[in-house]
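Commentary on secondary and tertiary structure
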Amino acid sequence: MPKTLMCEPRLLESDLSGRVYLVTGANSGAGLATTEQLARQGAHVVGACRRVDAGEEAFAGFGDVAGSTEVMKLDLGSLTSVRSFAQAFNARHDRLDGLVNNAGIMGPPQGKTEDGFETQFGVNYLGHFLLTELLLDILKASAPSRIVSVSSVVHVGTRRQVAEIHLDDLNWEKREYDRTMAYAESKLAMVLHASHLARRLEGTGVSVFSIHPGWVRSNLAASMMPGWLNSVWNAALRPLSGPLGTLSPFEGAQTTLHCLLDDEAPQHSGEYFSQNSVLYPNRENRPGGWPMPSPNPQAHDMELAERLYQRSLGLVGLNGPTGDATV
Ligand SMILES: NC(=O)c1ccc[n+]([C@@H]2O[C@H](COP(=O)([O-])OP(=O)(O)OC[C@H]3O[C@@H](n4cnc5c(N)ncnc54)[C@H](OP(=O)(O)O)[C@@H]3O)[C@@H](O)[C@H]2O)c1
């Protein structure tokens, strides 16, 4: 079984007082573990959660930490919510040392976001795309600063199919819906956005990374199964999955924390960092590396990244007609 990659202990003991971090999907799983660790090191961490109560309840479990936390409402499935969030964040804070685009959903039944985008493309990628764009000024003003986009090894695809960006059908209107491939494409879009953004931000002191956190025992599978099965999974199977090689949320936060805190990481801005990927069916995709080349050839296609960027600007209304889900 491959060894879990862990941050250097000194990084997890460094003093982060005075720094401000923003973590999306902070109430659960790896996002919650990331938030707790940064707060323990003295940072102020803003948890951007679609359920504010769940965030506050989760953060209450930290007990005494050297830093502080707050929860702000963010639903990545609504571009209006993303805009309101960014406006409120910019009004309330004058610095941002690290943005962690962590929130995600995996494999829900076919559906659409409030703005009409395929759910996984809309939440995992497009909501984070707009959020990042709206926070670039404060990130630049706080440089050196970092952006970590939590993708997945699934951006490579499945055993049978390599994931590809379909610019002519981003919303799965022309193809038979495949929820796994829709997840894979949304995560590939995150990898492309990170490497494209890193190029745009060269010389600004803002570094950008995409990462795979490993297979983490979290709530991520909840949207893939009926409620009763998720209860069984949480109660029985999930804890038992540790011996199979899955990671605790703290272990699943290591790649994000490494990219946020390691001194050398900015030299690899734009690159993909992967925790070891146990249980993934394609043996060649299992090894991790901080950083490592993405095994998906499309992840290196910077012309495609530029076209996706231009299209995304239009879709979120930052360039040309707004909010129209027809691509
Ligand atoms: N677990 C793994 O093995 C694994 C592997 C590869 C990549 N990842 C990625 O790692 C990230 C963290 O996942 P996790 O495993 O920690 O899962 P998790 O426990 O389910 O956490 C996901 C978080 O995203 C939030 N979220 C979902 N939809 C949202 C929306 N529309 N707006 C705002 N927040 C939303 C969830 O909020 P609610 O609690 O309100 O639903 C939750 O806080 C995800 O991006 C996932 O794709 C995970």
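Residues numbered from 1 in each chain as written. Predicted model: local features only at pLDDT ≥ 70, side-chain atom pairs only at ≥ 80, totals over all residues.

1. Considerations on the site of the ligand
Around the ligand, the structure places 29 residues, and the nearest of them are Gly25, Gly29, Ala103, Gly104 and Ser218. At three residues, helix H2 (residues 29-40) tops the list of elements feeding residues into the shell around the ligand. Taken together, the residues of the shell around the ligand break down into 13 nonpolar, 13 polar and three charged. (Near = placed C-beta within 6 Å. Helix = DSSP H or I, 4+ residues; strand = E, 2+ residues; numbered from the N terminus. Nonpolar A, V, L, I, M, F, W, Y, C, P; charged D, E, K, R; others polar.)

2. Here's the deal with the packing of helix H4 (residues 79-92) against helix H5 (residues 119-141)
The description of two packed helices rests on the angle between their axes and on the distance between the axes. Between H4 and H5, the least distance of the axes is 9 Å, while the angle of their chain directions is 20°. With respect to their mutual orientation, H4 and H5 come out roughly parallel. Where H4 crosses over H5, the handedness of that crossing is right-handed. Seen from H4, the contacting residues are Leu79, Val82, Arg83, Ala86 and Asn90; seen from H5, they are Gly127, Leu130, Leu131, Leu134, Leu135 and Ile138. Of the residues assigned to the contact of H4 with H5, the class counts are eight nonpolar, two polar and one charged. (Axes fitted to C-alpha atoms, helices over the stretch in contact; angles between N-to-C directions. Parallel < 35°, antiparallel > 145°, perpendicular 65-115°, else oblique. Left-handed = near helix turned anticlockwise from the far one by under 90°. Contact = placed C-beta atoms within 7 Å.)

3. Examining the confidence of the model for the protein
Of the residues in the protein, 94% have a pLDDT of 70 or more, and the chain-wide mean is 93. Below pLDDT 50 for its whole length, residues 321-327 participates in 13 contacts with residues either more than four positions away or in separate chains. (pLDDT = per-residue confidence, 0-100.)

4. Brief notes about the packing of H5 against helix H6 (residues 179-200)
Interhelical geometry of H5 versus H6 gives an angle of 15° and a closest axis separation of 8 Å. Taken together, the axes of H5 and H6 are roughly parallel relative to one another. Pair H5 / H6 crosses with right-handed handedness. Between H5, through Gln120, Phe121, Asn124, Tyr125, His128 and Phe129, and H6, the contact on the second element is made entirely by Ala182, Tyr183, Glu185, Ser186, Lys187, Ala189, Met190 and His193. Per-class residue counts for the contact of H5 with H6 are seven nonpolar, five polar and two charged.

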